[in-house]
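One letter stands for each residue in the lines below.
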Amino acid sequence: MQPAPKIELARPAVRKPAIVTPSAPVESGPCQIGVIPIVGIVFMVEKFGPVTFLDRYSRVSVAAWGLDDLVVSRVRAASPGSPVRRIPFTREELKSGGRDQPRLFASYRMASDIENFVRLLATKVRCERYVVVHRHGGSQREFGIGISQYPLNGPTHLFAMTYIRVYDGATFSLIGEAAALTTEDTFAERLMHNSLGGPSMQVDQAAFPEKPADVPNNPLLRDGVRTMLTKSLDKTLPGLLQRASQR
C-alpha cells in the first residue's frame, strides 16, 4: 500500500478568488451521504521555469463551470438509492476550517484540519457519512485543477487532480480515502497514462492561455476538465463508497 499523499486543499497565492455561498435553497429530508465539494472554484495557470524559483502561478475563478455541482452529481450516481445532500459552506467557514479563529491562508495540510471542517459543517446537516472531495497534488509540480506549461518547448498539460475522503457521521473517523484516478494505480499505468500522478492530458501549446482571465470562457479547458473530473470520480467513487459502507 502506498502512503497517502500530503493533504493540501489550497496554496497561498497572489490573488484569491471569492468563494460564493450556494444560492440554491438548502435541501431537506434525511441524509445518508453529505457531500462537501472543495474543487470547482480555483483553476491554476502554472508556467514552469528551468528551476522551481522561476515558476509562475496564477489562480482564476471558474465557479461558472459548475464543477462542485458535478462532484455532487457523481456521488449521487455512485450511490443509487441513498439520500445524498450537498453541505453548503461560506468562505469564512472554509477559511476557519472548524477553528475558533480563522487563519489568513488556511491550507488544510493536516488530516485533523479536514476532520474539524467536517465537524463544523455537520452541525448544519446530520448525515450518516460525509464525503469530502478536494484538490490535491500529484507526483510532479501540478496541483489541483489547471493547466501547466514546461520550459524549452516542453509539454503543456491540462489536469484535474482530486482526492476523496469519507468520514463516519457519528464519530467523524476517517473510514475511506483515495485519489480520484482514471486508470489503475499501477507502475505501468502511471508510466504510460498517468505521468503527473493524477488525471491529465497533454494539449497543444497554443491551448495555454495568454492571459489567465481568458480561462473561464475557454470551452476547450472547461470541457477537458469536466471530462477528466467525471471519469476519475466515476471510476473511484463506487468502490470507495461501497468499502466505506461495509466498515
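Residues numbered from 1 in each chain as written. Predicted model: local features only at pLDDT ≥ 70, side-chain atom pairs only at ≥ 80, totals over all residues. Heavy atoms only, no water.

Caption draft 1: Just the environment of Val131, in detail. Its place among the elements puts Val131 in strand β5 (residues 129-135). Judged by its relative accessible area of 0%, Val131 falls in the buried class. Linking Val131 and Arg86, residues 45 residues apart in sequence, is a C-alpha distance of 9.6 Å. The residues contacting Val131, other than those within four sequence positions of it, are Ile33, Gly34, Val35, Ile36, Val75, Ile164, Arg165, Val166, Leu237 and Leu241. (Helix = DSSP H or I, 4+ residues; strand = E, 2+ residues; numbered from the N terminus. Buried < 20%, exposed > 50% of the residue type's maximum accessible area, 1.4 Å probe, protein only. Contact = heavy atoms within 4.5 Å.)

Caption draft 2: Region of the structure containing the sheet that holds strand β6 (residues 145-149). Pairing within the open sheet is mixed, and its 5 strands lie in the order β3-β2-β6-β7-β10. Both edges of this open sheet fall to β3 (56-61) and β10 (200-203), since each of them pairs with a single strand only. Across this sheet, the average inter-strand angle for adjacent strands is 20 degrees, counted without regard to direction. (Pairing = 2+ DSSP bridges. Axes fitted to C-alpha atoms, helices over the stretch in contact; angles between N-to-C directions.)

Caption draft 3: The arrangement of unusual backbone geometry in detail. We note that Leu152 has phi near 60 degrees; this positive angle belongs to a residue other than glycine. For Leu152, the position within the fold is in the loop between β6 and β7 (156-160). Notably, Asn153 is not glycine yet its phi reads approximately 60 degrees, a positive angle. Within the element layout of this structure, Asn153 appears in the loop between β6 and β7. Under the relative-accessibility criterion, Asn153 is labelled exposed at 72%.

Caption draft 4: Up close: the pairing of β5. With 7 of 7 residues buried, β5 lies mostly within the body of the structure. The two faces of β5 match: Arg129, Val131, Val133 and Arg135 on one face and Tyr130, Val132 and His134 on the other face are all buried. Direction of pairing for strand β1 (residues 33-38) relative to β5: parallel, over a ladder of 6 bridges. Residue Ile33 lies in a different strand from β5, and its bridge partner there is Arg129. Sheet topology note: the β5/strand β8 (residues 162-168) ladder contains 7 bridges and is antiparallel. Bridged to Val131 within β8 is Val166.

Caption draft 5: View of the side chain of Ser232. Structurally, Ser232 is set in helix α5 (residues 219-245). The exposure class of Ser232 is buried, given its relative accessible area of 0%. Non-local contacts of Ser232, meaning those with residues more than four positions away in its chain, are made with Ala180, Leu181, Thr182 and Pro199.

Caption draft 6: The packing of helix α1 (residues 67-78) against α5, seen in detail. Axis separation between α1 and α5 bottoms out at 9 Å; the angle between their running directions is 35 degrees. As α1 packs across α5, the resulting crossing turns out to be right-handed. Side by side, α1 and α5 meet where Leu67, Leu70, Val71, Arg74, Val75 and Ala78 of the first sit next to Val225, Arg226, Leu229, Thr230, Leu233, Asp234, Leu237, Pro238 and Leu241 of the second. In terms of residue class, the contact of α1 with α5 is built from 11 nonpolar, 1 polar and 3 charged. (Left-handed = near helix turned anticlockwise from the far one by under 90°. Nonpolar A, V, L, I, M, F, W, Y, C, P; charged D, E, K, R; others polar.)

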